[in-house]
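# Notes for the structure review
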Amino acid sequence: PALVKDGSLRTLSTSARRSTVMQAWVIDKYGNNSVLRYTKNASFPIIHYPNEVIVKVNAAGLNPLDINMRGGYGAATLAMKRDPLSINKAGSEFPLILGRDVSGVIMECGLDVSYFKPGDEVWAAIPPWKQGSLAEFVVLSANELRQNLQVSHKPKSLSHVDAASLPYVAATAWSALVNTGGLNKDNSAKKRVLILGGSGGVGTFAIQMLKSWGAHVTVTCSQNAEHLVRGLGADDVVDYTAGPVERKLHTLEKFDVILDNIGGETEHWALSLLKPWCGAKYVTLVTPFLRNTDQLGLADGMMQTAVTVATKALKHITKGVHYRWGFFAPSGPALDDVSEMVDAGKIRAVVEEQFSFAQVPKAFEKVEKGHARGKIVVTVT
Ligand code: NDP
């Protein structure tokens, strides 16, 4: 049943006299691109809680996470989040809809929603445990108290395609740089920030946000992405394909914050680029958190994660720098701020390529190849 705005309890599909099915790209098992299946018969989403809204999807953005989730990454952990009491059988997440970014229009609001109304143009980053945006419609939380709010009014100056390129990377960069890195619009002026991997989704957004807050931004990327990142405001650009990148970075003044979008070997040398004993932080987005909880279960995985991060943090704190893990966190209020920055002309969308709804497998192939220069977006309706 749906708790809809007129106070009645009805199934949304009958209340709105809509079809009970919709078009979507789903997966029925984990695997390579061949598991993607187009259907006209995906279940129409239903409002289960009074703080939810149904959004008609105009455009959906893809992220590396979609490729990973298609292959089963995070499956055990996300299953626990979806079904904490393990009531459902294994595989109950299928048919699973991927796609974490959405730009669209509110169709229907739950009883407690008054910040949004049907017809509002919105954008959102959809948490990975929820059904995604590669579908005609998606249900999202729009809590009136603005806690757990996922939805935000879309920037007026952006098309749906451009808007769908931003929410997930914006929410991730915000969470990593603001919540974990301690930066904000009032304290970033003259701070020196290094972004390892500036040419992809997170990097192209983070450069612009930091520049609009007055930070000095150094970026590592391939030589052929230099023009792109400089155009977004990067002050110093280091080509990582031209020899050991750490050697060149060591010749530069030290940094207050490092955002690591690359991971792997980087953490062996990157922390020595921070200014010691003045609160400088290294925040990496490439963490073993979901892998640990997938392999060891939630409790042991979290324990393993806590031990790993605490050991690393402790090791570095003795050298006067902070080691942190950064995570995507859905945040409507952060998106509201980003929306203002976009409409003020401080942040633009960087859409590398746009695909039609029929071309979703091609869009996945493109993301999977790597070497992103901004974002990949699918037009849905
Ligand atoms: P993208 O795939 O959009 O971008 C990655 C970019 O890095 C590409 O432009 C790539 O271009 C470049 N790159 C690759 N190798 C290097 C290198 N050694 N040095 C510098 N640049 C390099 O990814 P996103 O920006 O969306 O995400 C970045 C990372 O953060 C991903 O690993 C993602 O999984 C992770 N992430 C984690 C989240 C979390 O909650 N922890 C949330 C969101 C993202 P090229 O290869 O041509 O140089």
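Basis of the calculations
- Residues numbered from 1 in each chain as written.
- Predicted model: local features only at pLDDT ≥ 70, side-chain atom pairs only at ≥ 80, totals over all residues.
- Heavy atoms only, no water.
- Helix = DSSP H or I, 4+ residues; strand = E, 2+ residues; numbered from the N terminus.
- Rg over C-alpha atoms; globule rule 2.2 N^0.38 Å.
- Buried < 20%, exposed > 50% of the residue type's maximum accessible area, 1.4 Å probe, protein only.
- Contact = heavy atoms within 4.5 Å.
- Areas by Shrake-Rupley, 256 points an atom, 1.4 Å probe, with all protein chains shown as cover.
- Lys, Arg positive; Asp, Glu negative; His and termini not counted.
- Charge placed at Lys NZ, Arg CZ, Asp CG, Glu CD.
- Core = buried A, V, L, I, M, F, W, Y, C linked by side-chain atoms within 4.5 Å.
- pLDDT = per-residue confidence, 0-100.
- Pairing = 2+ DSSP bridges.
- Right-handed = clockwise from strand over helix to strand, strands pointing away.
- Axes fitted to C-alpha atoms, helices over the stretch in contact; angles between N-to-C directions.
- Phe/Tyr/Trp six-rings, centres within 6.5 Å; stacked < 30°, edge-to-face > 60°.
- Expected span 1.5 Å × (residues − 1).
- Salt bridge = Lys/Arg side-chain N within 4 Å of Asp/Glu carboxyl O.

### Overview of the overall build of the chain
- Looking only at helices and strands, the chain has 13 helices and 17 strands in total.
- In summary, the chain has a C-alpha radius of gyration of 21 Å against a globular reference of 21 Å for 381 residues, a match within 12%.
- Here the C-alpha coordinates of the chain stretch approximately 65 × 45 × 40 Å along the principal axes.
- Within the chain, buried positions represent 53% of all 381 residues.
- In the chain, the share of contacts with a sequence separation of at least 24, taken over all contacts with a separation of at least 6, comes to 71%.
- Of the roughly 16600 Å² of accessible surface on the chain, 55% is carried by carbon and sulfur atoms.
- Separation of charge centres in the chain, based on 41 positive and 35 negative side chains, amounts to 1 Å.

### Here's the deal with the nonpolar core
- Counting residues in each nonpolar core, the largest one holds 53 residues, and the members touching the most others are Val 53, Val 102, Phe 116, Leu 134, Leu 140, Phe 364 and Val 378.
- With residues near it in sequence (within four places) discarded, Phe 116 still touches Ile 106, Cys 109, Val 122, Ala 142, Leu 149, Val 151, Ser 152 and His 153.
- Judged by nonpolar contacts, the second largest core, of 41 residues, contains Leu 158, Leu 183, Val 193 and Met 209.

### Considerations on the confidence of the model for the chain
- When pLDDT is averaged along the chain, the result is 92, and 94% of the positions lie at 70 or above.
- Throughout residues 7-17 the model reports pLDDT below 50, and contacts reaching past four residues in sequence, or to other chains, amount to 26 contacts.
- Scoring of the predicted complex yields 0.94 for pTM and 0.99 for ipTM.

### Side note on the pairing of strand S17 (residues 375-379)
- Burial of S17 is extensive: four of the five residues sit out of reach of the surface.
- Pairing of strand S5 (residues 52-62) with S17, which is carried by four bridges, proceeds in the antiparallel orientation. Following the sheet pairing, Ala 59 is matched in S17 by Thr 379.
- Pairing of strand S16 (residues 351-355) with S17 involves four bridges; the strand directions are parallel. Counterpart to Phe 355 in the pairing with S17 is Val 378.
- One crossover worth recording links S16 to the parallel S17 by way of helix H13 (residues 360-369), and it is right-handed.

### A word on the sheet that holds strand S11 (residues 216-221)
- In space, the six strands of this open sheet follow the order S12-S11-S10-S13-S14-S15, with parallel pairing throughout. Every interior strand has two partners, whereas the edge strands, strand S12 (236-239) and strand S15 (322-325), have only one. Neighbour-to-neighbour, the strand axes of the sheet open up by a mean angle of 15°, direction not taken into account.
- As paired elements, strand S10 (residues 192-196) and strand S13 (residues 257-260) share four bridges and run parallel to each other. Note that in S13 the partner of Val 193 across the bridge is Val 257.

### Quick word on the packing of aromatic side chains
- Evaluation of the coordinates by the stated rule reveals nine aromatic pairs.
- Taking the centre distance of 6.3 Å and the plane angle of 80° together, the rings of Tyr 38 and Phe 357 count as edge-to-face. Of this pair, Tyr 38 sits in strand S4 (residues 36-43) while Phe 357 sits in the loop between S16 and H13, placing them 319 residues apart in sequence.
- Their ring planes at 25° and their centres at 4.3 Å tell us that Tyr 168 and Phe 328 sit as a pair that is stacked. A residue pair is termed long-range when its members are at least 10 positions apart, and Tyr 168 in helix H5 (residues 167-180) and Phe 328 in the loop between S15 and helix H12 (332-343) qualify at 160 residues. The burial state of Tyr 168 is the same as that of Phe 328; both residues are buried.
- Cluster of aromatic residues (ring-pair linked, three or more members): Trp 25, Tyr 38 and Phe 357.

### Describing H12
- Helix length check: H12 (12 residues) gives 16 Å between terminal C-alpha atoms against 16 Å at 1.5 Å per residue, within 8%.
- Those residues of H12 that fall on the buried side of the exposure criterion are Gly 332, Ala 334, Leu 335, Asp 336, Val 338, Ser 339, Met 341 and Val 342.
- Those residues of H12 that are buried lie in contact with strand S7 (121-125), strand S9 (151-153), H5 and helix H6 (201-212).
- Of the residues one or two after H12, Gly 345 is the one with positive phi, at around 80°.

### Points about the pattern of salt bridges
- Here the structure, examined in full by the defined rule, presents 11 salt bridges.
- When the shortest N-O distance is used, the salt bridge between Lys 211 and Asp 235 registers 2.8 Å. Placement of Lys 211 in helix H6 and of Asp 235 in the loop between helix H7 (226-231) and S12 is noted, with a sequence separation of 24 residues between them.
- Residue classification places Lys 211 among the partly exposed residues on the basis of a relative accessible area of 26%.
- Asp 235 gets classed as partly exposed once you look at its relative accessible area, which sits at 28%.
- Of the charged contacts in the structure, one is a salt bridge between Lys 312 and Glu 267, with a shortest N-O distance of 2.5 Å. Taken together, the residues Lys 312 in helix H11 (residues 298-317) and Glu 267 in helix H9 (residues 266-269) connect sequence positions 45 residues apart.
- Residue Lys 312 is classed as partly exposed on the basis of its relative accessible area of 26%.
- You can call Glu 267 buried: its relative accessible area is 16%.

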